[in-house]
Amino acid sequence: MTRIRLTAQERHAQLVAAAVTAFARGGYAGTTTDQVARIAGVSQPYVIRIFGTKQELFLATMWHASGRVQRIWREAAAADPTLPGLGKAFKALLAERDLLVVLLHAFTTGSDPGLGDAVRQCYGDMFMLVRELTGATAEQARDFFASGMLITVLSAMRVLGPDAVPPQPWMTDLLGTLPYDQE
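Rules and cut-offs
- Residues numbered from 1 in each chain as written.
- Predicted model: local features only at pLDDT ≥ 70, side-chain atom pairs only at ≥ 80, totals over all residues.
- Heavy atoms only, no water.
- UniProt positions renumbered as here; feature names shortened; annotations may be inferred.
- Helix = DSSP H or I, 4+ residues; strand = E, 2+ residues; numbered from the N terminus.
- Phe/Tyr/Trp six-rings, centres within 6.5 Å; stacked < 30°, edge-to-face > 60°.
- Buried < 20%, exposed > 50% of the residue type's maximum accessible area, 1.4 Å probe, protein only.
- Axes fitted to C-alpha atoms, helices over the stretch in contact; angles between N-to-C directions.
- Parallel < 35°, antiparallel > 145°, perpendicular 65-115°, else oblique.
- Contact = heavy atoms within 4.5 Å.

Taking an unreviewed UniProt entry as the reference, the protein is identified by name as TetR family transcriptional regulator belonging to Actinoplanes campanulatus.

**Quick notes on the UniProt feature "DNA-binding region" (unreviewed entry) in the protein**
With numbering matched to this structure, UniProt assigns "DNA-binding region" (unreviewed entry) to residues 32-51. For residues 32-51, the helix share is 80%, the strand share is 0%, and the end-to-end C-alpha distance is 13 Å.

**Comments concerning the packing of aromatic side chains**
Applying the stated criterion to the full structure yields nine aromatic pairs. Pairing Phe107 with Tyr123 gives two aromatic rings, centres 4.9 Å apart and planes at 85°, and the pair type is edge-to-face. Within this pair, whereas Phe107 is found in helix H6 (residues 97-108), its partner Tyr123 is found in helix H7 (residues 116-134), the two being separated by 16 residues in sequence. Between the aromatic rings of Phe127 and Phe145, the centroid separation amounts to 5.7 Å while the plane-to-plane angle is 50°, which identifies the pairing as tilted. Taken as a pair, Phe127 in helix H7 and Phe145 in helix H8 (residues 138-156) lie far apart in primary sequence, 18 residues in all. Phe145 matches Phe127 in its accessibility class, with the two residues each being buried.

**Brief notes about the UniProt feature "domain: HTH tetR-type" (unreviewed entry) in the protein**
Under the UniProt annotation, "domain: HTH tetR-type" (unreviewed entry) lies at residues 9-69. Structurally, residues 9-69 comprises 82% helix and 0% strand, and the distance from its first C-alpha atom to its last is 21 Å.

**Quick notes on the packing of helix H1 (residues 8-26) against helix H4 (residues 54-79)**
Two elements in contact, H1 and H4, have axes separated by 9 Å at closest approach and are oriented at 95°. Between H1 and H4, the interaxial angle falls into the category roughly perpendicular. Across from Leu15, Val16, Ala19, Val20 and Phe23 in H1, the residues of H4 making contact are Lys54, Leu57, Phe58, Ala60, Thr61 and His64.

The following block contains the structure:
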């Protein structure tokens, strides 16, 4: 069998994709570089050679997830530069549940001395991008993010999105209050 040699950029992307899966399952504290290596089909020393530390791997994974959200919003804003336009575009990310769960895990590490500055920068970049793309006030962007975080949490719990669990009455009530079409 002939092995295809990946470029450094392709290998980096492969490791980040594996890290998305691993960190979505276990969060920062509960995930090892060995778990990421197993998912990627490489050795743990190779992961460390590429990223240096688990912390750097986690940050690369967070920036990857944030970048994906920001690309979706930029594309949406080209056609509809409004908060509802960005909200509807966010719906596409529900199919990428692990990506959203990684962001949730990242935001919970905001008090970690080694991660906090980058996590706050990531969140701030997303907040400012929404304001820039839509012209929203700080209060409007806050409400957009509050709804988005609720949608992200509900997606992580499989209340909405692909593979959603059968709805319970509280879920139906809550989903009916969401500002953007989540059907």
